[in-house]
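# Overview (structure and organization)
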Amino acid sequence: MREKYPPETISLADTYDYIMRKEDIDKIFGYSVKMCWGWDEQKISPPLGYGNGLMVWPYRSSIHFMQDQCLRTDKKSVPNLGKLFDEYHHNITSKLLWWKDLVAPRAKLRARMWEGFEIYVGLNKKLRKMPNHTDGMILIGDAAGLESTELCDGVPAAWYSAEIAAQVAIEAIKANDVSKAFLKKYDDKVKAHSIIQWSIKGRNRYNLRIAQQEHDIKKLKKYIHQGWGLGSLTHFTTPFMKLLLAYVKEDPTIITKWIKMYFRYYQNWLHESYDYVKKKVIKVTASKRVRKKERKFLSTLRFIDLIMKSMLRIRRVLKIIIIPLSNSLNTLMRKSLPIIEPINSAIIKLLNPISNKLSNKMIKFVDKANPSIFYVY
Ligand SMILES: Cc1cc2nc3c(=O)[nH]c(=O)nc-3n(C[C@H](O)[C@H](O)[C@H](O)COP(=O)(O)OP(=O)(O)OC[C@H]3O[C@@H](n4cnc5c(N)ncnc54)[C@H](O)[C@@H]3O)c2cc1C
């Protein structure tokens with residue numbers, strides 16, 4: 001049904017799993033996101049734009065170090081990844097001071113793993129046009145080439161496409177027609193999905209290779225800012241708002257459902273109480289203070305629902321103001337970002353002492369709250 005991907009669109013991930021005390025992880029990685037970059041010749045990570053580069057994720061009492069690189073860097077050159085990955089890993093763990101001094105003495109290697117995945121498939125017209133359905137079959141997620149070129153996160157597109165596939169499959173079974181012609185609906189919906197399309201066509205990560213080749217620090221900063229910084233708002237805001245509006249139109253209480261779902265996942269994570277293992281029962285405290293906070297939380301959600309429902313009732317507002325506004329939000333962001341950015345930095349600095357306290361309060365609340373208030377019915 002589909003051709004094999006060329007090697008320059010397949011990345012090999014080399015993952016190290018280190019054990020580290022949670023207290024050390026919180027001290028070194030907590031409350032921060034570190035962005036490092038290096039020129040290719042420094043060989044501290046895979047070359048820019050040819051894969052992801054390098055990521056370090058903390059998780060409970062372990063950290064995961066992942067580097068990945070495409071199997072071919074251009075039409076001719078096939079890198080020796082076995083040798084290169086060892087070299088990158090050695091360089092980052094021995095030459096980068098924060099790793100050498102802070103992480104290395106506290107981390108113990110538990111496992112090393114390998115995994116291949118697609119990348120930049122969405123940028124190639126021919127690959128993008130490969131079929132994602134045929135008689136009696138629908139392909140979703142990675143199998144349909146939906147890995148995000150911009151962010152390299154394939155999970156959201158796998159979920160979105162699975163949701164669409166399920167809807168179309170149900171319709172097809174009801175209509176007793178699972179022909180390719182009927183299932184084309186799936187392809188139409190994937191092509192009309194604003195977030196999927198934005199994420200498979202974004203070029204900033206890919207363009208990093210141009211900045212590298214030209215040794216152009218200005219371009220490097222531009223692509224990073226557009227891909228991962230506030231600059232992404234200049235091409236992400238419109239597709240995001242379009243998707244959000246589509247969900248809200250169908251169910252105005254969706255936002256509070258998402259909030260509850262988020263809190264529920266977070267509470268489960270805190271208590272290690274997951275649905276797929278024998279679920280731990282979270283003890284409910286008798287504290288009156290906690291009950292009061294729960295009531296406050298629920299009434300805030302009810303207030304949000306009320307606003308969303310009344311906004312939907314005024315459909316004209318949606319038609320005349322919000323939908324056209326969402327179409328031009330990217331342009332608006334392009335124009336207003338030079339003003340917004342310094343204000344945003346100032347506000348973050350100003351709120352820093354308060355936001356730390358707030359997030360600590362929130363964690364305490366989620367820890368003690370009655371799990372039933374986060375259920376979505
Ligand atoms: C190292 C690494 C890090 C990543 N990090 C992130 C991240 O941080 N965030 C993010 O959003 N995405 C990330 N991704 C991408 C993400 O994992 C994928 O995009 C996503 O899992 C795709 O989901 P899927 O359901 O389409 O495919 P998969 O999750 O690959 O599921 C396909 C399943 O089919 C099974 N299968 C294959 N062949 C057969 C067969 N013949 N019979 C039965 N079963 C079969 C496989 O075993 C697998 O379980 C990462 C990927 C890698 C490799």
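The structure displayed is predicted, hence computed values, not measured ones.

### What to know about the overall build of the chain
Per the secondary structure count, the chain includes 14 helices and six strands. Considered along the principal axes of its C-alpha atoms, the chain spans approximately 60 × 55 × 50 Å. Scored against the burial criterion, the 377 residues of the chain give a buried share of 21%. If you take every contact in the chain between residues at least 6 apart in sequence, the share linking residues at least 24 apart comes to 71%.

### Observations concerning the environment of Phe 117
Mapped onto the secondary structure, Phe 117 falls in strand β4 (residues 108-118). By C-beta crowding, Phe 117 is classed as partly exposed, having 16 other C-beta atoms within 10 Å. Beyond its immediate chain neighbours, meaning those up to four positions away, Phe 117 contacts Ser 11, Ala 13, Asp 142 and Glu 147.

### Looking at the site of the ligand
Taken together, 14 residues surround the ligand, and among them Gly 141, Asp 153, Gly 154, Val 155 and Ala 158 come closest. Elements that contribute at least two residues to the shell around the ligand include exactly β1 (10-19), β4 and α5 (154-174). Residue classes in the shell around the ligand are distributed as seven nonpolar, three polar and four charged. The two domains that each donate at least three residues to the shell around the ligand are domain 1 (8-119) and domain 2 (123-206).

### Some remarks on the sheet that holds strand β2 (residues 53-59)
Taking strand neighbours across the sheet as the criterion, the four strands line up as β2-β3-β1-β4 in an open arrangement whose pairing is antiparallel. Two strands bound the open sheet, and with one partner strand each, they are β2 and β4. Averaged over all pairs of adjacent strands, the angle between their axes in this sheet comes to 20 degrees, without regard to strand direction. As paired strands, β2 and strand β3 (residues 62-70) are joined by seven bridges and run antiparallel to one another. By the bridge assignment for β3, Val 56 is matched with Phe 65. Taken strand by strand, helix α2 (residues 81-95) contacts β1, β2 and β3, and its axis lies near 135 degrees from that of β3.

### A closer look at the domain arrangement of the chain
Taken domain by domain, the chain consists of domain 1 (8-119), domain 2 (123-206) and domain 3 (249-374). Its C-alpha centre places domain 2 at a distance of 29 Å from the equivalent point of domain 3.

### Overview of helix α14 (residues 329-368)
The end-to-end C-alpha separation of α14 is 40 Å, well short of the 58 Å expected for 40 residues at 1.5 Å each. Its maximal kink placed at Ser 336, α14 deviates by approximately 60 degrees, while the proline Pro 338 follows within four residues. The buried fraction of α14 amounts to one of the 40 residues, a small share that puts the element mostly on the outside.

### Some thoughts on the nonpolar core
Formed by 15 residues in total, the largest nonpolar core has its most connected members in Ile 138, Ile 164, Ala 165, Val 168, Tyr 186 and Ile 196. Within the residue set of this core, elements represented by two or more residues are α5, α6 (180-192) and α7 (194-201). Ignoring any residue separated from it by four or fewer positions in sequence, one finds Ile 164 in contact with Tyr 186, Lys 189 and Val 190.

### A few points about the pairing of β3
Sheet analysis places β1 next to β3, joined by nine bridges and oriented antiparallel. Directly across from Tyr 16, in β3, lies its bridge partner Phe 65. Where β2 hands over to β3, the hairpin turn is made up of two residues, of which Arg 60 adopts a positive phi near 45 degrees.

Criteria and cut-off values
Here, residues in each chain are numbered from 1, in the same order as that chain's written sequence. Residues qualify for local features only when their pLDDT is at least 70, as the model is predicted, and side-chain atom pairs are given and counted only at 80 or more; totals for whole chains, interfaces and linings, by contrast, use all residues. Numbering goes from the N terminus for both helices and strands, where a helix is a DSSP run of H or I of at least four residues and a strand is a run of E of at least two. Exposure criterion: with C-beta atoms placed from backbone coordinates, a residue whose C-beta has 20 or more other C-beta atoms within 10 Å is buried, one with 12 or fewer is exposed, and one in between is partly exposed. Each residue is represented by a C-beta atom placed from its backbone, and any two residues with such atoms within 7 Å are regarded as in contact. For each residue, a C-beta position is placed from the backbone atoms; the residue is near a molecule or strand when that point lies within 6 Å of it. Basically, the charged four are Asp, Glu, Lys and Arg, the nonpolar ten are Ala, Val, Leu, Ile, Met, Phe, Trp, Tyr, Cys and Pro, and anything else, Gly included, counts as polar. Segmentation into domains, and thus their bounds, comes from an automatic or database assignment. If DSSP finds at least two bridges between two strands, the strands pair. For helices, the axis comes from a line fit to the C-alpha atoms of the stretch in contact; other axes are also lines fit to C-alpha atoms, and the angle between any two N-to-C directions lies between 0 and 180 degrees. Here, expected helix span is obtained from the residue count minus one, scaled by 1.5 Å. Note on bend: the value at a residue is the angle between axes fitted to the seven residues ending there and to the seven starting there. Joined through C-beta atoms within 7 Å, a set of buried Ala, Val, Leu, Ile, Met, Phe, Trp, Tyr and Cys residues constitutes a nonpolar core.

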